[in-house]
Amino acid sequence: MTAVPAPPPPTAGRELSNPPSDGVTNLRFSNTSDHLLVSSWDKSVRLYDASANVLRGEFNHAGAVLDCCFHDETSGFSACLDNGVRRLVFNYGKEDMLGKHDAPVRCVEYSYATGQLITGSWDRTLKCWDPRGASGQERTHVGTYAQPERVYSLSLVGHRLVVATAGRHVNVYDLRNMSQPEQRRESSLKYQTRCVRCYPNGTGYALSSIEGRVAMEFFDLSEAGQIKKYAFKCHRKSEAGRDVVYPVNAIAFHPIYGTFATGGCDGIVNVWDGNNKKRLYQYAKYPSSIAALSFSRDGRLLAVASSYTFEEGDKPHDRDAIYIRSVNEVEVKPKPKVYPNPPAA
């Protein structure tokens, strides 16, 4: 379908040169620099220097790439529609096949705490890999762990792994003992899960659905821990007296303040203060659906993928683009609570 160009809003941020030629599936900033890794339906994984607006490297796969993540500053991993899990070394243009699933690989996460790679697939399994054994697949594969349904989203914090699957299942693992989940949970949202992201402080996770809602969950199963959980509506608008609801595709936590951004099929990015249950900021509408979001390591930059996610089928849509926004503190810093003055004695 022919793309229809439309000018981005003036506050959208700086558009990256040489973007993917098809839908963006994910993007991630490095933990050590402003390098940005991007995966796409155009079968590519691209490495950018987001500050310099330079494409540093590119790998092309046999099928669409559904996810990517960094290993270190010059290498990363890809999860592919051809069932493959690969390590990509940008400096040398070298590609290692770590192994395969029995169906497309939807998610990939690298644990700096354990040195393991974790992949989630539509074959209803998680697999753990040791990338140091990349020269031989038998040595690379650490374990396979059955899931209740197809894996849709993964997130890591410390040794904790959260797995969100079809059927609204959520499994919580300790990476040091993957034999069974620490917790088997069900999403508190009624509709299909789209994204899960752990809180930077390690106390819980945010989970979004296709029905314009986000749930704020906590690992502590005590009554005191669970009383803190809640869900809220977002990415909706009223049209002719009717509520139009959009999927919430992306969640990204600010690394300094612990506030978080959400992106939806409405083309809107909102920033939230989860502790105080307030929206801090809403950016001007982007040309297309927000497919992915990532804050840089210091929180100064926000990468936004404005990329149609085919939620309404094949139709004319704006071209896929990646914007790099400079983040102002006022957009992401929690506002102090204002307490009313006590009455005069």
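Going by the structure above, here's the rest.
The rules behind each value
Residues numbered from 1 in each chain as written. Predicted model: local features only at pLDDT ≥ 70, side-chain atom pairs only at ≥ 80, totals over all residues. Heavy atoms only, no water. Helix = DSSP H or I, 4+ residues; strand = E, 2+ residues; numbered from the N terminus. Rg over C-alpha atoms; globule rule 2.2 N^0.38 Å. Contact = heavy atoms within 4.5 Å. Buried < 20%, exposed > 50% of the residue type's maximum accessible area, 1.4 Å probe, protein only. Phe/Tyr/Trp six-rings, centres within 6.5 Å; stacked < 30°, edge-to-face > 60°. Lys NZ or Arg CZ within 6 Å of the ring centre and 35° of its normal. Pairing = 2+ DSSP bridges. Salt bridge = Lys/Arg side-chain N within 4 Å of Asp/Glu carboxyl O. Polar contact = N/O pair within 3.5 Å; in protein donor to acceptor, adjacent residues only side chain to side chain. Axes fitted to C-alpha atoms, helices over the stretch in contact; angles between N-to-C directions.

## Details of the overall build of the chain
- Per the secondary structure count, the chain includes three helices and 30 strands.
- For 345 residues, the compact-globule estimate of 2.2 N^0.38 gives 20 Å, and the C-alpha radius of gyration of the chain, at 20 Å, lies within 12% of that figure.
- Principal-axis analysis of the C-alpha atoms gives the chain an extent of 75 × 50 × 35 Å.
- The long-range share in the chain, meaning contacts at least 24 apart out of those at least 6 apart in sequence, stands at 45%.

## Some details on unusual backbone geometry
- Here the phi dihedral of K43 falls at roughly 75°; this positive angle occurs in a residue that is not glycine.
- Checked against the element boundaries, K43 lands in the loop between β3 (35–40) and β4 (44–49).
- On the basis of relative accessibility, which here comes to 38%, the residue K43 falls in the partly exposed class.
- Of note, the phi angle at N53 is positive, near 55°, even though the residue is not glycine.

## Remarks on the environment of M216
- Within the secondary structure, M216 is located in strand β20 (residues 213–218).
- Of the residues examined, M216 reaches a relative accessible area of 4% and is grouped as buried.
- Counting along the chain gives 59 residues from M216 to V157, while the straight-line C-alpha distance between them is 15 Å.
- Discounting chain neighbours no more than four positions away, the residues touching M216 are Y199, Y205, A206, K229, Y230, F232, F260 and G274.

## Here we look at the packing of aromatic side chains
- Following the criterion strictly, the structure yields twelve aromatic pairs and no others.
- Between Y205 and F219, the ring centres sit 5.8 Å apart and the planes meet at 45°, which makes this aromatic pair tilted. Placement of Y205 in strand β19 (residues 204–209) and of F219 in the loop between β20 and α2 (223–226) is noted, with a sequence separation of 14 residues between them.
- Since its relative accessible area comes to 1%, Y205 is described here as buried.
- One aromatic cluster is present, formed by Y199, F218, Y230, F232, F253, F260 and W272 through successive ring pairs.
- If you follow K277 out to its NZ or CZ, it ends over the ring of Y230, 4.5 Å from the centre.
- Above the face of the Y283 ring, R325 is positioned so that its terminal group lies 3.7 Å from the ring centre.

## Some remarks on the pairing of strand β21 (residues 230–233)
- Burial along β21 is one-sided: the face carrying Y230 and F232 is buried and the face carrying A231 and K233 is not.
- Note: β20 against β21, four bridges, orientation antiparallel. Counterpart to M216 in the pairing with β21 is Y230.

## Side note on the pattern of salt bridges
- Summed over the entire model, instances satisfying the criterion amount to 25 salt bridges.
- Here D82 makes a salt bridge to R86, at a shortest N to O gap of 2.7 Å.
- On the accessibility criterion, R86 (7% relative accessible area) is buried.
- For E182, the salt bridge goes to R160, with nearest N and O atoms at 3.2 Å. With E182 in the loop between β16 (169–174) and β17 (183–186) and R160 in strand β15 (residues 160–165), this residue pair connects regions lying 22 residues apart in the sequence.

## Looking at the sheet that holds strand β30 (residues 321–326)
- A sheet is described by the order of its strands in space; here four strands give the open sequence β1-β30-β29-β28, paired in antiparallel fashion. Two strands lie at the open edges of the sheet, namely β1 (14–15) and β28 (290–295), each paired on one side alone.
- The sheet contact formed by strand β29 (residues 301–306) and β30 spans six bridges and is antiparallel. Residue pairing for β30: V304 is matched across the bridge by Y323.

## Things to note about the side chain of S30
- Take S30: it is sitting in the loop between β2 (24–29) and β3.
- Overall, the relative accessible area of 3% leaves S30 in the buried class.
- Polar side-chain contacts of S30 include one of 3.4 Å to the backbone nitrogen of S33.
- Polar side-chain contacts of S30 include one of 2.9 Å to the side chain of E73.

## Some remarks on the sheet that holds strand β6 (residues 65–72)
- The antiparallel open sheet is built from four strands, whose spatial order is β6-β7-β8-β9. Either end of the sheet is taken by a strand with one partner, and the two such strands are β6 and β9 (94–100). Ignoring which end each strand starts from, the neighbouring axes of this sheet average 20° apart.
- Where strand β7 (residues 75–80) meets strand β8 (residues 84–89), five bridges bridge the pair, whose relative direction is antiparallel. By the bridge assignment, A79 is partnered in β8 with V85.

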